[in-house]
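Spelled out from the first residue to the last, the chains are:
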Amino acid sequence: MKWSEVRTLHPNKFVLLEKLKEHIDGNYKYVDEVALIDVIDDDKEASDLLVRCKGNRFVYHTSKEDLCMEIVNMPILRGRLR
């Protein structure tokens, strides 16, 4: 399912999605196709679920026009902390 379809079916809602297809452009990951798992009506429930999501599942709000995420590189610390 395309993001535009999800936005049309469930305007201004949090949704639980599973990423099916993506591409990277610069420092952003764009999700091209998703599977809609659930529509979440409660903001607190959406927040709690977002923290527990793993793998290809994530929570997103349909008010966002594009389904993209910034890629953040976390440097690995080496050596000993004193």
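Everything in this summary refers to the structure shown in the same document. Keep in mind the model is a prediction, meaning the values are calculated, not measured.

## Concerning the overall build of the chain
Looking only at helices and strands, the chain features two helices and four strands. Ordering the α and β elements of the chain from the N terminus gives α-β-β-α-β-β. In terms of overall size, the chain is more extended than a compact globule, its C-alpha atoms giving a radius of gyration of 15 Å where 82 residues would be expected to give roughly 12 Å. Overall size of the chain, expressed as C-alpha extent along the three principal axes, is 55 × 30 × 20 Å. Summed over all atoms, the accessible surface of the chain reaches about 6,500 Å², with 49% contributed by carbon and sulfur. Between the averaged position of the 14 positive side-chain charges in the chain and that of its 15 negative side-chain charges there is a distance of 11 Å.

## Observations concerning the pattern of salt bridges
A side chain of one charge can pair with a side chain of the opposite charge if their charged atoms are brought near each other. Taken as a whole and judged by the stated rule, the model has five salt bridges. Between arginine 57 and glutamate 18 there is a salt bridge, with the nearest N and O atoms lying 3.3 Å from each other. Of this pair, arginine 57 sits in strand 3 (residues 57-61) while glutamate 18 sits in strand 1 (residues 14-25), placing them 39 residues apart in sequence. Residue arginine 57 is classed as partly exposed on the basis of its relative accessible area, which comes to 39%. Of the residues examined, glutamate 18 reaches a relative accessible area of 25% and is grouped as partly exposed.

## A few points about the sheet that holds strand 4 (residues 68-70)
The antiparallel open sheet is built from four strands, whose spatial order is 3-1-2-4. Each end of this open sheet is capped by a strand with a single partner; those strands are strand 3 and strand 4. Here the strands of the sheet are splayed against their neighbours by 50° on average, with no regard to which way each runs. Pairing geometry for strand 1 and strand 2 (residues 28-40), over 11 bridges, is antiparallel. Opposite leucine 16, over in strand 2, you have aspartate 38 as the bridge partner.

Criteria and cut-off values
Sequence order sets the numbering: in each chain, residues are counted from 1 along the sequence as written. pLDDT decides what is reported in this predicted model: residues at 70 or higher carry local features, side-chain atom pairs at 80 or more are listed and counted, and totals for whole chains, interfaces and linings draw on all residues regardless. Side-chain figures throughout are based on the complete set of non-hydrogen atoms in the structure, without hydrogens or water. In this description a helix means any DSSP run of H or I spanning at least four residues, a strand means any run of E spanning at least two, and both kinds are numbered starting from the N terminus. The quantity called the radius of gyration is restricted to C-alpha atoms. Its globule counterpart is 2.2 Å times the number of residues to the power 0.38. The accessible surface values rely on the Shrake-Rupley method and a 1.4 Å probe; as for residues, cover is taken only from the protein chains in view. The charge count treats Lys and Arg as positive and Asp and Glu as negative. His and the chain ends do not count. Taken as the charge location is NZ of Lys, CZ of Arg, CG of Asp or CD of Glu. Think of a salt bridge as a Lys or Arg side-chain nitrogen and an Asp or Glu carboxyl oxygen that are within 4 Å of each other. Here's how the labels work: a residue is buried when its accessible area is under 20% of the maximum for its type, exposed when over 50%, partly exposed in between, all with a 1.4 Å probe on protein chains only. For two strands to be treated as a pair, DSSP must find no fewer than two bridges joining them. The angle between two axes is taken between their N-to-C directions and runs from 0 to 180 degrees, where each axis is a line fitted to C-alpha atoms and a helix contributes only its stretch in contact.

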